[in-house]
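# Descriptive analysis of the structure
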Amino acid sequence: MPARLAPAKVNLFLHVGPPGADGFHPLSSLVAFADVGDRVAIELGEGSLTVSGPFGRALGSERDNLIWTAVRAFVEELGRPMAELAMSLEKALPVASGLGGGSSDAAAVLRLIRDVFAPQIDDQRLERVAARIGSDGPACLWARPVVTEGRGERLSPAPRFPALDAVLVNPGVPVSTPAVYRRLDARGDFGAVAPPPMPDAFESPQEMAAWLALQRNDLEAAAIDVAPEVGTVLDMLRAEPETLLARVSGSGGTCFALCADDIAAGTLAGRIEALAPRWWVRCCRLGGPWD
């Protein structure tokens, strides 16, 4: 059964502006992908989606899954019926965790379907399909570092940087993205959304962490208002000596800490697991793609 990693998406910074007339908030973000995530697989079958893994039960109705949205969008782009697929999803990422799991799952399925059953669909057409699964679809399709703008659908190349050793920590509390945006609107804490000036490349994790410290996640305070446990995670990470930078990813749920190397990340992860054994803690590397 052909399978693919659907990597966690991490917003290294996330600048959010006030909502426009359509209700959507413009944003800019530097996105990287982790070498950990969910896993999806497909084969010819009876038109089903089997969900397993530690967070499988936390998902909603099977037919609400973005994977089905991706399949329907692919068939529409293909312009003809396609053989029924039996799909599987091993859900290893927490749900509603600010890691783009649903979009990454759907994007990975799109690549699998194209590669196995419809290689005549070129990259441009596949990107058009990915845009239909949501704002994160285009970035998640290739899972490489990128700067996103607009609703997240406008992409431009990211600066070059070494793979970043990091620790992801989630306190086990789902965080609703709509609730976070409502809180953001109530707070009125909007920032400039033009991407900040960036160098062509960062030479070290320390250099990149220092530059990122000048940026923001404009959803961070709102996410902590909605789920104070996220603030507890962030405070703990920022107090540890291995942490170069700690920040909330996306609309919250998960925080990340950048470290100087894999030894520092492993030490930090072990300490957090000992202090908070009920939390979800993972060492990873941020960059991508991880094909």
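In the block above lies the structure referred to throughout.
Description of the structure in this document. Predicted model, so just to flag it, every value in this text is computed and none were measured. (Residues numbered from 1 in each chain as written. Predicted model: local features only at pLDDT ≥ 70, side-chain atom pairs only at ≥ 80, totals over all residues. Heavy atoms only, no water.)

Turning our attention to the overall build of the protein. When you go through the protein residue by residue, the secondary structure sums to nine helices and ten strands. Relative to a compact globule of 291 residues, whose C-alpha radius of gyration would be 19 Å, the protein shows 19 Å and is just as compact. When the backbone C-alpha atoms are referred to their principal axes, the protein occupies close to 55 × 45 × 40 Å. Per-residue burial over the protein gives 52% buried out of 291 residues. Contacts in the protein between residues at least 24 apart in sequence constitute 76% of all its contacts with a sequence separation of at least 6. Of the roughly 12,400 Å² of accessible surface on the protein, a fraction of 52% belongs to carbon and sulfur atoms. Counting 27 positive and 36 negative side-chain charges, the protein places the averaged centre of each group 3 Å from the other. (Helix = DSSP H or I, 4+ residues; strand = E, 2+ residues; numbered from the N terminus. Rg over C-alpha atoms; globule rule 2.2 N^0.38 Å. Buried < 20%, exposed > 50% of the residue type's maximum accessible area, 1.4 Å probe, protein only. Contact = heavy atoms within 4.5 Å. Areas by Shrake-Rupley, 256 points an atom, 1.4 Å probe, with all protein chains shown as cover. Lys, Arg positive; Asp, Glu negative; His and termini not counted. Charge placed at Lys NZ, Arg CZ, Asp CG, Glu CD.)

Applying the stated criterion to the full structure yields one cavity of 30 Å³ or more. Here the largest cavity defines a volume of roughly 80 Å³. Around the largest cavity, the lining is made up of 13 residues, and of these Leu5, Pro7, Arg111, Ala143 and Asp291 lie nearest the centre. The set of elements that each furnish at least two residues to the lining of the largest cavity consists of β1 (3-16), α2 (101-117) and α4 (137-142). (1 Å grid on protein atoms, 1.4 Å probe; cavity = no way out; pocket = protein on both sides within 12 Å on 5 of 7 lines; lining within 4 Å. Points joined across faces, edges and corners; volume = space filled by probe spheres on them.)

Grouped together as the largest cluster of nonpolar side chains are 36 residues, with contacts concentrated most on Phe74, Met87, Leu110 and Ile113. Looking at this core, the elements with two or more residues in it are β2 (27-44), α1 (66-78), β4 (85-90), α2, α3 (123-131) and α4. The contact partners of isoleucine 113, leaving out residues within four places of it in the chain, are Ile42, Val71, Phe74, Met82, Leu85 and Ala118. Val230, Leu237, Val248 and Ala257 belong to the second largest nonpolar core, which has 30 residues in total. (Core = buried A, V, L, I, M, F, W, Y, C linked by side-chain atoms within 4.5 Å.)

Here we take up the layout of surface pockets. By volume, the largest pocket amounts to about 1,000 Å³. Taken together, 43 residues line the largest pocket, and the ones lying closest to its centre are Gly100, Ser103, Asp136, Thr177 and Ser251. Breaking the lining of the largest pocket down by element, the ones donating at least two residues are β1, β2, α2 and α5 (177-187). With four residues, α2 is the largest single contributor of residues to the lining of the largest pocket. In this structure, the second largest pocket occupies an estimated 160 Å³ of space. Surrounding the second largest pocket, eleven residues form its lining, Gly47, Trp68, Val71, Glu84 and Leu85 being those nearest its centre. Those elements giving two or more residues to the lining of the second largest pocket turn out to be α1 and β4. Broken down by element, the residue count for the lining of the second largest pocket peaks at four residues, all from α1.

With that settled, consider the pattern of salt bridges. With the rule as written, the count across this model stands at 20 salt bridges. Its salt-bridge partner being arginine 125, residue glutamate 77 comes within 2.8 Å of it at the nearest N-O pair. In this pair, glutamate 77 sits in helix α1 while arginine 125 sits in helix α3, placing the two residues 48 residues apart along the sequence. By relative accessible area, which is 12% here, glutamate 77 ends up buried. By relative accessible area, which is 25% here, arginine 125 ends up partly exposed. Aspartate 123 is paired through a salt bridge with arginine 114; the nearest N and O atoms lie 3.1 Å apart. By relative accessible area, which is 39% here, aspartate 123 ends up partly exposed. By relative accessible area, arginine 114 is classed as buried at 10%. Taken together, the shared-partner salt bridges connect Glu76, Glu77, Arg125, Arg128 and Arg132 into one network. (Salt bridge = Lys/Arg side-chain N within 4 Å of Asp/Glu carboxyl O.)

The next point concerns the environment of valine 180. Here valine 180 is to be found in helix α5. Take valine 180: its relative accessible area is 0%, and that puts it in the buried class. In this structure the C-alpha to C-alpha distance between valine 180 and proline 119, which are 61 residues apart in sequence, comes to 40 Å. For valine 180, the contacting residues outside a window of four places in its chain are Val175, Leu219, Ala222, Ala223, Val226 and Ser251.

This part covers the packing of aromatic side chains. Scanning the model with the defined rule gives two aromatic pairs in all. Judged by centre distance (6.0 Å) and plane angle (65°), the rings of phenylalanine 13 and tryptophan 211 are edge-to-face. Here the residue phenylalanine 13 occupies a position in strand β1, and tryptophan 211 occupies one in helix α6 (residues 205-212), the gap between them amounting to 198 residues. Taken individually, phenylalanine 13 and tryptophan 211 each receive the classification buried, so the pair is uniform in this respect. Relative to tryptophan 211, the ring of phenylalanine 202 lies with its centre 5.4 Å away and its plane at 50°, an arrangement referred to as tilted. For phenylalanine 202, a relative accessible area of 4% translates into the label buried. Feature note: the residues Phe13, Phe202 and Trp211 constitute an aromatic cluster, connected by ring pairs. (Phe/Tyr/Trp six-rings, centres within 6.5 Å; stacked < 30°, edge-to-face > 60°.)

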